[in-house]
Amino acid sequence: MDNRDIRVFPPLPTELILQILTIACASSHDVALRVSLVSKWVRHASLQYVFATIIRRAGSVAAWGTNGMLPRHERGISHLLPPPGCGALVRNLWIESIDMMSSPGELSIFIACPNLENVAMTAKSLRVLYSSITFKAKNPEPRAVDHGNANPASCIRSLTLLEHTYRYDWHFLVDFEVELGRAFLHNITHVRLLDMQQSAYMPLEHLPNLTHLALPYLHLRSNRIGDVLRLPDGILTREALHMIVLTVDEQEWLYKPWQYRSVSSAPTIASSPRKRFQYLMQKAKERDERLHFIISPRLGQPHSQEWAASSRGGESIWTVATRVGRKEEYADALPDAFPNTNLRFTTPMLPIPSGRP
């Protein structure tokens, strides 16, 4: 074949080629990354899909190495700004924090991304987000490279908290609401908490428009009435809530059964992770039509991976809860018996009998 007959693109109209590339970019983030490298004239068709969902990880400081010459993708701190002109394209942001060391980078990211709609962050990042809000309020023409909404939190509707929070983590945002009006808390409609082991606090009183709430079931504490669902007091009295999802980490469900030993004393249920899950689904169905039990995350799938897949067009936990409804067969994905594991890691420590050291 004559090399002169080889063409980069088939002889199609430019508009049709762009449409094909746009559909391809929307189908997969990896495809969007590849398309963005094809040429300058098709780059703009992929940018919104490349930067719509961004995950900023915060690794160990030791990952920098002793000489500081590690490649960028291997460094522990990844709080780098998006390229010029791309911050305004970011809609979904997962951002981790390593205390005060990463705060300047986080602040710059929030300022550079004025159109965020879905954010996953730590409790420490709440204060950084507040700082970005006040910065925008005091600087109508910010020094950031991207110009967008005057308030970087004005579009945020969905919030995922990567760790537990305390009441004082929210007080400055509450004061900000009083001072400058509805900027953040009143706009939040969806909240998911991933960790409630150290603190069971939920800022429900500051989220008047919250309609969807997801809580980690295995982290909830037994309440005073011994409710097997472990629902926080007063949560079902909130009429604004349309859906309450209790998530079950599949790995903890299978390998740490002592965390829910009070689910049922019946031997046939207690010895089967599948039947225990079905038992809880039935209890939720009997209690309130808004309650749903789902497995999330699945075994071997980190929270960040699940979140990214959902943000890039996959099923969200709300969609999964709606789809599976109260179907008992949903639990069939779980084994009928607990896997054989090392008892040192799966058996809870037994109490020492009295009279023994």
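Residues numbered from 1 in each chain as written. Predicted model: local features only at pLDDT ≥ 70, side-chain atom pairs only at ≥ 80, totals over all residues. Heavy atoms only, no water.

(A) Geometry of the sheet that holds strand β2 (residues 92-95). Ordered in space as β1-β2-β3-β4-β5-β6-β7-β8, the eight strands form an open sheet in which the pairing is parallel. The sheet terminates laterally at β1 (53-56) and β8 (291-295), the two strands that pair on one side only. Strand-to-strand twist in this sheet, taken as the mean axis angle between neighbours without regard to direction, amounts to 10°. As paired elements, β2 and strand β3 (residues 118-121) share four bridges and run parallel to each other. Counted as the bridge partner of Leu93 is Val119 from β3. (Pairing = 2+ DSSP bridges. Helix = DSSP H or I, 4+ residues; strand = E, 2+ residues; numbered from the N terminus. Axes fitted to C-alpha atoms, helices over the stretch in contact; angles between N-to-C directions.)

(B) Just a nonpolar patch on the surface, in detail. On the surface, Leu12, Leu16 and Ile20 cluster together to form a nonpolar patch covering roughly 240 Å² of accessible area. Positionally, Ile20 belongs in helix α1 (residues 14-27). (Patch = residues over 30% accessible without salt bridge, like charges linked within 9 Å, V, L, I, M, F, W, Y side chains within 5 Å. Areas by Shrake-Rupley, 256 points an atom, 1.4 Å probe, with all protein chains shown as cover. Salt bridge = Lys/Arg side-chain N within 4 Å of Asp/Glu carboxyl O.)

(C) Here's a closer look at the side chain of Asn118. Looking at the secondary structure, you find Asn118 in strand β3. Classification of Asn118 by relative accessible area gives buried; the value is 14%. At 3.2 Å, the side chain of Asn118 forms a polar contact with the side chain of Ser311. (Buried < 20%, exposed > 50% of the residue type's maximum accessible area, 1.4 Å probe, protein only. Polar contact = N/O pair within 3.5 Å; in protein donor to acceptor, adjacent residues only side chain to side chain.)

(D) Geometry of the packing of aromatic side chains. Scanning the model with the defined rule gives six aromatic pairs in all. For the ring pair Tyr166 and Tyr168, a centre distance of 5.6 Å and an interplane angle of 15° mean the geometry is stacked. Its relative accessible area of 29% is what places Tyr166 among the partly exposed residues. A relative accessible area of 53% places Tyr168 in the exposed class. On the numbers, 6.0 Å between centres and 50° between planes, the contact of Phe277 with Tyr330 is tilted. Residue Phe277 is located in helix α9 (residues 273-287), and its partner Tyr330 is located in the loop between α11 (317-324) and α12 (343-346); the two are separated by 53 residues in the primary sequence. This pair shows no difference in class: Phe277 is buried, exactly as Tyr330 is. Taken together, Tyr217, Trp253, Phe277, Phe293 and Tyr330 form an aromatic cluster joined through their ring pairs. In this arrangement the basic side chain of Arg230 is found over the ring face of Tyr217, its NZ or CZ atom lying 4.9 Å from the centre. (Phe/Tyr/Trp six-rings, centres within 6.5 Å; stacked < 30°, edge-to-face > 60°. Lys NZ or Arg CZ within 6 Å of the ring centre and 35° of its normal.)

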